[in-house]
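Per-entry structural report
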Amino acid sequence: GISGSGQITGSVFTNNCANTIVSVNGASCDISNSIFLNNNGTIFKIDYESNTNYNWFGHTESNYKDDYGVMYCSKWLFLNAIAVPDTINMSDTSNVTFTIWAYDSSTNTTTPYDKNLLKPVDLKITAEKGNLSSNTAKFDETVIYTPNSGGKSGVTASMENASYTI
């Protein structure tokens, strides 16, 4: 826990089973640009108004509007992706990039986020019906997907309990 004002930034909290992951008592705290995945219990217990914006709690492009009820948080990060091109033939390849975006629940807007504010982490990359140039990637790092059979397929990035398929 933190007693008095403080700052937690650029941290990664995964696989914790404590009742509370971060506890702040007696003063405000800036808890931002951090990753909280696959944790049991309450993420924050804060008894004084603090900033908990711009953290990644596992949201993806498919559920970024879901509010997990994190205290003092109206802006959170989510995993997104782009494939160029997004439709390919068997002889083609696609450049797939997983990115981090910010969602502002007070204005219902999304914006690209500066991945350099977060601690670099490896995303596990898997492909359906195809091959990849790499099985891991960092945010904004491109992997090349090559199909090996016809039909609809996908490329998935995952870390702990968060995953997104494009």
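Cut-offs applied
- Residues numbered from 1 in each chain as written.
- Predicted model: local features only at pLDDT ≥ 70, side-chain atom pairs only at ≥ 80, totals over all residues.
- Heavy atoms only, no water.
- Helix = DSSP H or I, 4+ residues; strand = E, 2+ residues; numbered from the N terminus.
- Contact = heavy atoms within 4.5 Å.
- Areas by Shrake-Rupley, 256 points an atom, 1.4 Å probe, with all protein chains shown as cover.
- pLDDT = per-residue confidence, 0-100.
- Phe/Tyr/Trp six-rings, centres within 6.5 Å; stacked < 30°, edge-to-face > 60°.
- Buried < 20%, exposed > 50% of the residue type's maximum accessible area, 1.4 Å probe, protein only.
- Pairing = 2+ DSSP bridges.

1. As for the overall build of the chain
- When its secondary structure is counted, the chain shows 0 helices and 17 strands.
- Taking the principal axes of the C-alpha coordinates as reference, the chain spans close to 60 × 35 × 25 Å.
- Excluding contacts between residues fewer than 6 apart, the proportion of contacts in the chain whose partners are at least 24 apart in sequence is 40%.
- With the model as given, the accessible surface of the chain reaches about 8,500 Å², and the carbon-plus-sulfur share is 44%.

2. Comments concerning the confidence of the model for the chain
- Across the chain, the average pLDDT comes to 90, with 96% of residues at 70 or higher.
- Within the chain, no element has a lower average pLDDT than strand 1 (residues 2–3), which sits at 53, and none a higher one than strand 14 (residues 136–137), at 98.

3. Points about the packing of aromatic side chains
- Counting across every chain of the model gives 8 aromatic pairs.
- Note on Phe 13 and Phe 36: the rings are 4.8 Å apart at their centroids and 0° apart in plane angle, and the pair reads as stacked. With Phe 13 in strand 3 (residues 12–14) and Phe 36 in strand 6 (residues 35–37), this residue pair connects regions lying 23 residues apart in the sequence.
- We classify Phe 36 as buried; its relative accessible area is 2%.
- An angle of 35° between the planes, with centres 6.4 Å apart, marks the rings of Phe 78 and Trp 101 as tilted. Taken together, the residues Phe 78 in strand 9 (residues 75–84) and Trp 101 in strand 10 (residues 94–104) connect sequence positions 23 residues apart.
- Look at Phe 78 and you get buried, because its relative accessible area is 1%.

4. Some words on unusual backbone geometry
- Omega for the peptide link from Val 84 to Pro 85 comes to -10°, which places this bond in the cis form.
- Mapped onto the fold, Pro 85 is located in the loop between strand 9 and strand 10.
- Positive phi outside glycine occurs at Asn 33, with the angle close to 55°.
- Residue Asn 33 is classed as buried on the basis of its relative accessible area, which comes to 11%.
- Despite not being glycine, Tyr 54 shows a phi value in the positive range, around 65°.
- Secondary-structure assignment places Tyr 54 in the loop between strand 7 (42–46) and strand 8 (56–60).

5. Comments concerning the sheet that holds strand 16 (residues 154–159)
- Spatial ordering of the open sheet is given by 14-12-16-17, a layout of 4 strands whose pairing is antiparallel. Bordering the open sheet on either side are strand 14 and strand 17 (162–165), each of which pairs with just one other strand.
- Looking at chain direction, strand 16 and strand 17 are connected through 4 bridges and run antiparallel. Bridge pairing in strand 17 links Thr 156 to Thr 165.

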